[in-house]
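Listed below, chain by chain, are the residues.
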Amino acid sequence: MPRQFFVGGNFKMNPISRGQKESIISVLNSADLDSTTEIVIAPPALYLIPLKDTVRSELQVSAQNCYYKDSGAFTGEISPAQLVDANIPYVILGHSERRTLFHETSEFVAQKTKAALNATLKVILCVGETLPERETGQTAAVVQKQLQAVVDVLQESDWSGVVIAYEPVWAIGTGKVATSAQAQEAHLDIRTFLSHAVSPAVAENTRIIYGGSVTAANCKELSTQLDVDGFLVGGASLKPEFVNIINARRN
């Protein structure tokens, strides 16, 4: 069965006002969007519930992070149980900004991934290498190590709730983008790793999406790659061109 194309918009800590948020949603609500693509948008936590209540039904909403406990004395955190109760279906985990700025280890990301899946959330799991790691030929090893931590704590059946986002750190917000060949190579490496580390079925069925300065200008070529199943979009998800990225596979 073909993997459904997936486009996620990670708003990060944007926009800075409710008015700007409403403008972004207005564009999406009125746009002609490819009905064959799964579309998920991830606003800041403050906007999760009001956005879910105003966005058109085809668009799903994701949190940008969650903790691994359901409740307790964890100031500033959101729990998987709270997200499920609010009817938020997705959460992004392991983003490079969480790993670098907030020092989240692969083991901690894995712990949160397991907790989210146990709570019935679906997870957009981010992996990727830095520029020095790519330049020294370590891309596959770095990404496999990040994934292995998650493999170690999940059951095979858990993977049906995971979308893997390959995001080379050197391409996030820099304007640099992996070539379509580089993206395909990294995605194929991930799929091959999953085949050996989990199962061939999980490797075949898991969607692997690309993130890293995706724009309307480069999304078409990237979308033609055999193992690129969609995108996780940062800055461009705040702009009207996000519609073009969503429609990348439309002829």
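These numbers come from a predicted model, not from an experiment. (Residues numbered from 1 in each chain as written. Predicted model: local features only at pLDDT ≥ 70, side-chain atom pairs only at ≥ 80, totals over all residues. Heavy atoms only, no water.)

### Description of helix α7 (residues 139–151)
- Over its 13 residues, α7 runs 18 Å from end to end, which matches the ideal 18 Å to within 8%, given 1.5 Å per residue.
- For α7, the set of buried residues is T139, V142, V143, Q146, L147, A149, V150 and V151.
- Those residues of α7 hidden inside the fold are in contact with α4 (96–101), α5 (106–118), β5 (122–127), α6 (131–135), β6 (162–166) and α8 (180–197). (Helix = DSSP H or I, 4+ residues; strand = E, 2+ residues; numbered from the N terminus. Expected span 1.5 Å × (residues − 1). Buried < 20%, exposed > 50% of the residue type's maximum accessible area, 1.4 Å probe, protein only. Contact = heavy atoms within 4.5 Å.)

### What to know about the pairing of β5
- Where burial is concerned, most of β5 is hidden: five out of the six residues are buried.
- Pairing between strand β4 (residues 90–93) and β5: four bridges, direction parallel. When the sheet's bridge partners are listed, Y90 is paired in β5 with K122.
- Here β5 runs beside β6; their pairing, made up of five bridges, is parallel. Paired with C126 across the strands is A165, a residue of β6. (Pairing = 2+ DSSP bridges.)

### Focus on the nonpolar core
- Counting residues in hydrophobic clusters, the biggest one holds 64 residues, and the most contacted among them are I41, V91, W159, I164, I190, Y210 and F231.
- The contacts of I164, once residues within four sequence positions are left out, are L125, V127, L147, W159, I190, L194, T206, R207, I208 and I209.
- Core analysis: the second largest hydrophobic core is formed by 11 residues, V40, I92, I209 and L232 among them. (Core = buried A, V, L, I, M, F, W, Y, C linked by side-chain atoms within 4.5 Å.)

### With respect to empty space enclosed by the protein
- Evaluated as defined, the whole model comprises two cavities of 30 Å³ or more.
- As a volume, the largest cavity reaches approximately 60 Å³.
- Lining the largest cavity we find T139, A140, V143, Q144, L147, A186, D189 and I190.
- Counting only elements with at least two residues in the lining of the largest cavity, the list comes to α7 and α8.
- For the lining of the largest cavity, the element with the most residues is α7, which contributes five residues. (1 Å grid on protein atoms, 1.4 Å probe; cavity = no way out; pocket = protein on both sides within 12 Å on 5 of 7 lines; lining within 4 Å. Points joined across faces, edges and corners; volume = space filled by probe spheres on them.)

### Digging into α8
- With 18 residues, α8 extends 25 Å from end C-alpha to end C-alpha; this agrees with the ideal 26 Å at 1.5 Å per step.
- Here α8 has its buried residues at S180, A183, Q184, A186, H187, I190, R191, F193 and L194.
- The secondary structure elements touched by the buried residues of α8 are β5, α7, β6, α9 (200–205), β7 (208–210) and α10 (219–223).

### Quick look at the packing of α7 against α8
- Close contact between α7 and α8 brings their axes to 10 Å; oriented N to C, the two are set at 40°. When the interaxial angle is binned, α7 and α8 end up oblique. The element α7 and its partner α8 pack so that their crossing is right-handed. Each of A140, V143, Q144, L147, Q148 and V151 in α7 lies in contact with α8, whose residues at this interface are D189, I190, F193 and A197.
- Residue composition of the contact of α7 with α8, by class: seven nonpolar, two polar and one charged. (Axes fitted to C-alpha atoms, helices over the stretch in contact; angles between N-to-C directions. Parallel < 35°, antiparallel > 145°, perpendicular 65-115°, else oblique. Left-handed = near helix turned anticlockwise from the far one by under 90°. Nonpolar A, V, L, I, M, F, W, Y, C, P; charged D, E, K, R; others polar.)

### Thoughts on the layout of surface pockets
- Its boundaries defined by the atoms lining it, the largest pocket holds a volume of some 540 Å³.
- If you go around the largest pocket, you meet 20 residues; those closest to its centre are K12, Q64, N65, R98 and F102.
- Partitioned by chemical class, the residues of the lining of the largest pocket number 11 nonpolar, five polar and four charged.
- If you add up the space inside the second largest pocket, you get close to 300 Å³.
- Lining the second largest pocket are 19 residues, with W159, S160, N205, T206 and R207 positioned closest to its centre.
- Mapped onto the lining of the second largest pocket, the elements with two or more residues apiece are β6 and α9.
- No other element matches α9, which puts three residues into the lining of the second largest pocket.
- Taken together, the residues of the lining of the second largest pocket break down into eight nonpolar, seven polar and four charged.

Geometric descriptors of this kind do not, in isolation, establish any biological role.
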